[in-house]
Amino acid sequence: MEETFFSIIIPHKNIPVLLQRCLDSIPLREDTQVIVVDDNSDPEIVDFGNFPGKERPDTTLIFTKEGKGAGYARNVGMDQAVGKWLIFMDADDFFSNAYNQILDEHKYDEEDILFCDNEAVMSDDIIVKAERDSYAREAIHGLLANQDDDSYLRYNFHALWGKIIRREMLIHHSIRFHEVRWSNDEYFSCLIGCHAEKTRLVPKVLYVLTQRSESLTSHYLQSTEEFIIRLKEAICSERYMLTCGVRPTVYQSLNILSFKYSLCGGRRFRRIIRQSTKEPEVFQAMAKFYIKSRLEAINKRMLH
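Reading the values: rules and limits
- The residue numbers shown here count from 1 along each chain, following its written sequence.
- Selection of residues for local features in this predicted model requires a pLDDT of at least 70, selection of side-chain atom pairs for listing and counting requires 80 or more, and totals for whole chains, interfaces and linings are taken over all residues.
- Each side-chain value is worked out from all heavy atoms of the structure, with water and hydrogens disregarded.
- By definition, any uninterrupted DSSP run of H or I lasting at least four residues is a helix, any uninterrupted run of E lasting at least two residues is a strand, and each is numbered from the N terminus.
- Only C-alpha atoms enter the radius of gyration; for comparison, a globular chain is expected to reach 2.2 Å times N to the power 0.38, where N is the number of residues.
- Accessible area is worked out with a 1.4 Å probe on protein chains only. A residue is then buried under 20% of its type maximum, exposed over 50%, and partly exposed in between.
- Whether two residues are in contact is decided by their heavy atoms, any of which lying within 4.5 Å being enough.
- Accessible surface is estimated by sampling points in the Shrake-Rupley manner with a 1.4 Å probe; for residues, cover comes only from the protein chains shown.
- Residues scored as positive are Lys and Arg, those scored as negative are Asp and Glu, and His as well as the terminal groups of each chain are ignored.
- For this purpose, a charge sits on NZ of Lys, CZ of Arg, CG of Asp or CD of Glu.
- One side-chain nitrogen of Lys or Arg within 4 Å of one carboxyl oxygen of Asp or Glu is enough to make a salt bridge.
- Working definition of a nonpolar core: buried Ala, Val, Leu, Ile, Met, Phe, Trp, Tyr and Cys residues. They are joined through side-chain atoms within 4.5 Å.
- Pairing between strands is defined by DSSP: at least two bridges between the two strands are required.

**A look at the overall build of the protein**
Looking only at helices and strands, the protein has 10 helices and 8 strands in total. Here the C-alpha atoms of the protein give a radius of gyration of 20 Å, agreeing with the 19 Å that 2.2 N^0.38 yields for 304 residues. With the C-alpha coordinates of the protein rotated into their principal frame, the extents come out at 75 × 50 × 40 Å. Put simply, the protein has 304 residues, and 54% of those count as buried. Looking at the protein alone, contacts between residues at least 24 apart form 77% of all its contacts between residues at least 6 apart. With an accessible surface of roughly 15,200 Å², the protein has 50% of that area assigned to carbon and sulfur atoms. When the 39 basic and 46 acidic side-chain charges of the protein are each reduced to a single mean position, those positions are 10 Å apart.

**Details of the environment of Ile 256**
Considering the arrangement of structural elements, one finds Ile 256 in helix H9 (residues 252-275). Between the C-alpha atoms of Ile 256 and Leu 242, which are 14 residues apart in sequence, the distance is 19 Å.

**Some points on the pattern of salt bridges**
Under the defined criterion, the tally for this structure stands at 16 salt bridges. Here Arg 166 ties to Glu 110 by a salt bridge, and the two come within 3.9 Å at their closest N and O atoms. Taken together, the residues span a long stretch of sequence, with Arg 166 in strand E7 (residues 163-166) and Glu 110 in the loop between helix H3 (99-106) and strand E6 (113-122) at a distance of 56 residues. Put simply, Arg 166 and Asp 112 hold a salt bridge, and the shortest N to O gap is 3.7 Å. Of the two residues, Arg 166 sits in strand E7 while Asp 112 sits in the loop between H3 and E6, which places them 54 residues apart along the sequence.

**Focus on the nonpolar core**
Core analysis: the biggest nonpolar cluster contains 61 residues, and Ile 8, Ile 10, Phe 88, Phe 95, Ile 164, Leu 170 and Phe 188 have the highest contact counts within it. Every residue in contact with Leu 170, bar those within four places of it in the chain, is listed here: Met 78, Leu 86, Ile 165, Ile 175, Phe 188 and Ile 192. Leu 231, Tyr 261, Cys 264 and Ile 273 belong to the second-largest nonpolar core, a separate cluster that totals 18 residues.

**What about helix H2 (residues 70-80)?**
Residues lying three or four places apart along an α-helix face the same way, a consequence of the helix completing one turn every 3.6 residues. Burial analysis of H2 places 8 of its 11 residues in the buried class, the great majority of the element. Those residues of H2 not exposed but buried are Gly 71, Tyr 72, Ala 73, Arg 74, Asn 75, Val 76, Gly 77 and Met 78.

**Here we look at unusual backbone geometry**
One non-glycine residue, Asn 14, lies in the positive phi region at around 65°. Within the element layout of this structure, Asn 14 appears in the loop between strand E1 (6-12) and helix H1 (16-24). A positive phi angle, close to 50°, is found at Ser 174, a residue other than glycine. By secondary structure assignment, the location of Ser 174 is in the loop between helix H6 (167-172) and helix H7 (184-195). The exposure class of Ser 174 is exposed, given its relative accessible area of 58%.

**Here's the deal with the pairing of E6**
For E6, a buried count of 8 out of 10 residues is recorded, marking the element as mostly surrounded by other parts of the structure. Relative to E7, E6 runs antiparallel, the two being bridged by 3 bridges. Its bridge partner lying in E7, Leu 114 is registered against Ile 164. Of the strand pairs in this sheet, E6 and strand E8 (residues 199-211) are connected by 10 bridges, and their pairing is parallel. Looking at the pairing, Phe 115 lines up with Leu 201 of E8.

**Topic: the sheet that holds strand E2 (residues 32-39)**
If you trace the 8 strands from one edge of the open sheet to the other, you get E3-E2-E1-E4-E7-E6-E8-E5, paired in mixed fashion. Edge positions in the sheet fall to strand E3 (59-64) and strand E5 (94-95), since each has one partner strand and no second. As paired strands, E1 and strand E4 (residues 85-88) are joined by 4 bridges and run parallel to one another. Within E4, the position partnered with Phe 6 by the bridge is Trp 85.

Take a look at the structure:
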């Protein structure tokens, strides 16, 4: 039996039709293990007797009942993975037709992270291109023109799309996902970026991400809970980078604060500051941002 080179880990919750599409995009290979971790799906939505992947010989199905989210599901999948390389998929996304070619060409590579190109389409009509997170593609295409600087992909590309990650590096540095509902991939991506000794850019599209109205990211930062969790994860990542001597080229925490402030305005923002007193780092970041924003607004009025 051939050695297992690739372990593909897919967390799933309540989207069996899309999960089936995802699995259909994965050709059967003797060197590949597929792990689907169901995050306590609703039996009224999912037919567990005919669960996607059940008939695939390369697929392991794990049914969790904790309902702790994708970060927890990914950690469960990592515990079962045996491949040299790990690839993390979202259940509503799928692989491109270049999948076999990319895996065949790079299975023996010695880098710690392979960054593959990606593209985005609408989930309901995959012929239609989407603009979701085009910054990632711009970073990859920029690196094609400047092969020497992978800093943006290492430290500021927080999604997992198209990343092929050496499992040995994760084990050596005890790298795990934070088990939070939002941004569970941000700190993980920060850690692998800081610890990877060598990376490689693969200028072929491996990963196709989809855009759909009901996804977690479609109502970005609408709730206070989401805002606080995302801000905490961003602060945590930025602090870790600074301890490693890396200064982020983009401070995600400031982007989150700016976006939330624009959504809710100053009065509601003050209320959220008061609600965040149990989270000292979040409280301090919000308070500093609010004071700076108010001073800038006052200066702007005085100049006019």
